[in-house]
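# Remarks on the overall topology
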Amino acid sequence: MDILLTNDDGIQAKGLWALYDRFAPSHRVTVVAPDRERSAVGHAITLHAPIRADAVSVNGAQRAYAVNGTPADCIKLAVAELVGQTPDLVISGINPGANVGVNINYSGTLAAAREATLYGIPAMAVSIQGKSPAFYDDAAAFAEKLVHKIDRYGLPQGTLLNVNVPDLPGKKLRGIRLSRQGNEHFKEGMERRLDPRQRPYYWYGIYAPEPVGEADVDAVALARDYISITPLRCDATDYDHLDTLKSWDICI
Ligand code: MN
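These notes cover the structure that comes with them. (Residues numbered from 1 in each chain as written. Predicted model: local features only at pLDDT ≥ 70, side-chain atom pairs only at ≥ 80, totals over all residues. Heavy atoms only, no water.)

### A look at the pairing of strand β7 (residues 159-165)
If a strand is regular, its side chains alternate between the two faces of the sheet. Most of β7 is tucked away: seven of the seven residues are buried. Burial of β7 is two-sided: the residues T159, L161, V163 and V165 facing one way and the residues L160, N162 and N164 facing the other way are all buried. What joins strand β6 (residues 123-128) to β7 is helix α4 (residues 136-153), and the crossover it makes is left-handed. By the bridge criterion, six bridges tie β7 to strand β11 (residues 226-233) in an arrangement that is antiparallel. Paired with N164 across the strands is S228, a residue of β11. (Buried < 20%, exposed > 50% of the residue type's maximum accessible area, 1.4 Å probe, protein only. Helix = DSSP H or I, 4+ residues; strand = E, 2+ residues; numbered from the N terminus. Right-handed = clockwise from strand over helix to strand, strands pointing away. Pairing = 2+ DSSP bridges.)

Right, dumping it as structure tokens:
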């Protein structure tokens, strides 16, 4: 297959190259990733500055580019210029840190996969639990299994997969849960500090609690050592509420 890899952690990130090592031997792999970390930039694209792509040589990769833009920029540029043809599949990751629940709204990892989906390219985002994960290779091995399934069954137009893997050796995983996005808001805070000139500044932080909720919620599945797979749609329309809105009698 013609596979495009990207991430939001930057071209040097371990998780990206774990995917490369896994897929390069048997696929035509192109890497187009931000030149620095762009975590939590969401689906931002660059409109008011030039976008540049530098060919880089990491891990002996033939086709790897560092882009001074966002994850979504990387997909646009890859499709328009760098891959040469529409890839068969886009994988974004492997992101260190789970992308579950409300995080999905901010994640650059997810945004890159969503951007590919907007182009009609099958895509998945892969994240692994923890800030300094040890088992990227096991997560990449699972990604490969899933790629075989995507190749076989396809994905519906407008749907992408969000995959979260516990940071465990493959043998210790309890299994796979097909899950839904949790909606619990994390405990968060804006820490107020003072700069050397005694002016206040603020630093945002989140404090992930032990996830609560039903067993089919993404974060809960992950916390119980299951791989979580959630299908997500680009179309954010609430079709149920569309009907409810009709009863508001606001249309003339
Ligand atoms: Mn990231």
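### Details of α4
A rise of 1.5 Å per residue sets the reference length of α4, with its 18 residues, at 26 Å; its end C-alpha atoms lie 25 Å apart and thus fit the reference within 8%. Among the residues making up α4, those that are buried are Y136, A139, A140, F142, A143, E144, L146, V147 and I150. In this fold, the buried residues of α4 make contact with α1 (14-23), β5 (89-96), β6, β7, β8 (175-178) and β11. Positive phi appears at G154, one or two residues downstream of α4, with a value of about 75°. (Expected span 1.5 Å × (residues − 1). Contact = heavy atoms within 4.5 Å.)

### Digging into the packing of α1 against α4
A pair of packed helices can be characterised by two numbers: the angle between their axes and the separation between those axes. The geometry of α1 relative to α4 is characterised by a closest axis approach of 9 Å and an angle of 50° between their N-to-C directions. With respect to α4, the element α1 is oriented oblique. By crossing handedness, the relation of α1 to α4 is classed as right-handed. Mapping the contact onto sequence places K14, G15, A18, L19, R22 and F23 in α1 and Y136, D137, A140, A141, A143, E144 and V147 in α4. Here the contact of α1 with α4 is composed, by residue class, of eight nonpolar, one polar and four charged. (Axes fitted to C-alpha atoms, helices over the stretch in contact; angles between N-to-C directions. Parallel < 35°, antiparallel > 145°, perpendicular 65-115°, else oblique. Left-handed = near helix turned anticlockwise from the far one by under 90°. Nonpolar A, V, L, I, M, F, W, Y, C, P; charged D, E, K, R; others polar.)

### What about the nonpolar core?
One finds L5, W17, V31, I91, I94, M124 and V163 to be the most contacted residues of the largest nonpolar core, which totals 35 residues. Considering each element in turn, this core owes the most residues, eight residues, to α4. What W17 contacts, discounting residues up to four positions off in sequence, is I11, Q12, V31, V58, N59, A61 and A64. Counting 21 residues, the second largest nonpolar core, distinct from the first, contains Y65, L77, V83 and A125. (Core = buried A, V, L, I, M, F, W, Y, C linked by side-chain atoms within 4.5 Å.)

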